[in-house]
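Residue-level structural notes
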Amino acid sequence: MADELELLRRANPVPVDGPHYGDGPLDHNAERHLARLLHERPPAPRRTRLAWGLAASAVVAALVSALLFTGQTTAPAAAAPRPLIVRADSTPVPMARLAERAEQAASADSPTLRKGTHVQSWSLAMSDREPPITLPQETIVRWNADDSHTELVVATDPRHPGRPVLTDEDGKPRLVDDGHVLSNRTYPPSWSDAPPSSPPPHDAAALHDYLEEAERAFLADHTKPLSTAELLDATKILLDNWTLGPRESAALADLLADTEGLRPVGQVTDRLGRRGQAYVYDGEDNRRMLIMDAADGSVLGLEQTFTKDDPPFGVKAGDVMTYSAWMR
């Protein structure tokens with residue numbers, strides 16, 4: 001027992017005479033992780049079973065309040081959106097060909113890379129005590145010249161899925177249609193040289209390293225290369241932080257053209273009414289569908305659906321787990 005106590009004393013992570021973490025400057029890695037904790041929106045959960053937490057409850061309460069004030073007393077928010085349907089008469093476009101189109105578009109006069117995002121998203125909140133409910137919202141994040149930024153989040157009307165309710169006026173987001181404001185915040189200036197805060201490169205190989213670094217912050221095992229599912233999750237992180245220009249979109253299309261298991265399936269119309277080419281990756285218990293503009297290779301949306309029933313949580317194969325539609 002004496003030997004074991006001595007081992008424990010030597011293993012003390014905070015010795016009395018040791019330096020105190022809060023009294024010294026943070027090293028480079030600590031600064032990067034602190035910046036992520038303070039200023040970055042977390043990625044959508046990739047687990048099949050999403051937790052029923054305070055955030056979900058707050059959004060549900062906001063949706064219910066909005067419906068009550070508008071006279072809607074039924075519960076349309078509880079109905080998950082139907083998965084996107086591939087047109088049966090459409091011809092799949094290989095990702096390599098789309099990458100070529102993206103490269104051609106990159107040489108034209110097009111909007112440039114911009115920090116911030118405009119996205120409509122849907123996510124399915126579940127628990128073993130409550131029925132699953134879809135949480136639709138729209139978000140605009142805009143960065144200012146002094147490195148401060150604003151974030152406006154609105155719970156969109158579930159009776160009109162896919163209709164944008166936020167626009168930019170004189171560079172500032174504003175509410176233009178039915179929607180319940182969940183939050184409208186301004187964040188102080190912040191800066192980081194780590195992905196996804198740093199600008200993404202417009203070279204496929206460099207972009208792969210960038211996405212890998214952005215995604216690894218959320219992975220337990222840092223020794224394995226990114227899987228296709230993780231690469232698509234990293235793409236979502238990128239697009240939740242940046243509105244890509246043509247060169248970055250071309251680099252992303254070029255990178256995805258070499259991604260194993262991502263196959264073209266044909267044309268779809270996304271939830272904002274835009275036509276795009278769909279590329280599908282089938283995972284163990286869910287399927288990811290990436291929707292891209294056939295003309296310039298930019299990413300329009302990413303849908304994740306269940307491929308197996310999960311009776312305890314009230315979900316069936318084909319139910320939409322998450323969906324994001326990015327806009328300029």
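Now for a look at the structure at hand. (Residues numbered from 1 in each chain as written. Predicted model: local features only at pLDDT ≥ 70, side-chain atom pairs only at ≥ 80, totals over all residues. Heavy atoms only, no water.)

Regarding unusual backbone geometry
Quick reminder of the rule: Think of it this way: any DSSP run of H or I at least four residues long counts as a helix, any run of E at least two long counts as a strand, and we number them from the N terminus. Only protein chains enter the accessibility calculation, which uses a 1.4 Å probe; a residue whose area is less than 20% of its type maximum is buried, one above 50% is exposed, and one in between is partly exposed.
With an omega dihedral of 0 degrees, the bond running from P195 to P196 counts as a cis peptide bond. With respect to the secondary-structure elements, P196 resides in the loop between strand 6 (179–187) and helix 5 (204–216). Phi angles above zero are rare outside glycine, and D147 is one such case at about 70 degrees. Its place among the elements puts D147 in the loop between strand 2 (133–143) and strand 3 (149–156). Given a relative accessible area of 31%, D147 falls into the partly exposed group.

Side note on the packing of aromatic side chains
Note the threshold: Pairing of aromatic rings covers Phe, Tyr and Trp, the last through its six-membered ring, and needs centres within 6.5 Å; plane angles under 30 degrees mean stacked, over 60 mean edge-to-face, and all others mean tilted. Here, over-ring charges are defined by two tests on the NZ atom of lysine or the CZ atom of arginine: distance to the ring centre within 6 Å, and angle to the ring normal within 35 degrees.
Under the criterion given, the structure shown has one aromatic pair. Both rings, one in W122 and one in Y323, keep their centres 5.2 Å apart while their planes meet at 50 degrees; by these two values the pair is tilted. Here W122, found in strand 1 (residues 114–125), pairs with Y323, found in strand 12 (residues 320–327); they are 201 residues apart in sequence, far enough to count as distant. Like Y323, W122 is buried. Looking at R271, its charged tip hangs above the ring of W122, at a distance of 5.7 Å from the centre. In this arrangement the basic side chain of R271 is found over the ring face of Y323, its NZ or CZ atom lying 4.3 Å from the centre.

A word on the pattern of salt bridges
Rules: In what follows, salt bridge is the name for a side-chain nitrogen of Lys or Arg lying within 4 Å of a carboxyl oxygen of Asp or Glu.
Evaluated as defined, the whole model comprises eight salt bridges. D282 is the salt-bridge partner of R263, the closest N and O atoms lying 2.8 Å from each other. Remark: D282 occurs in strand 9 (residues 275–282) and R263 occurs in strand 8 (residues 263–269); sequence separation between them is 19 residues. Among the residues examined, R263 registers a relative accessible area of 39% and is labelled partly exposed. On the accessibility criterion, D282 (39% relative accessible area) is partly exposed. Between R271 and E303 there is a salt bridge whose closest N-O contact spans 3.0 Å. Placement of the pair is R271 in the loop between strand 8 and strand 9 and E303 in strand 11 (residues 299–306), with a sequence separation of 32 residues. Here the two residues R271 and E303 agree in accessibility, since each one is buried.

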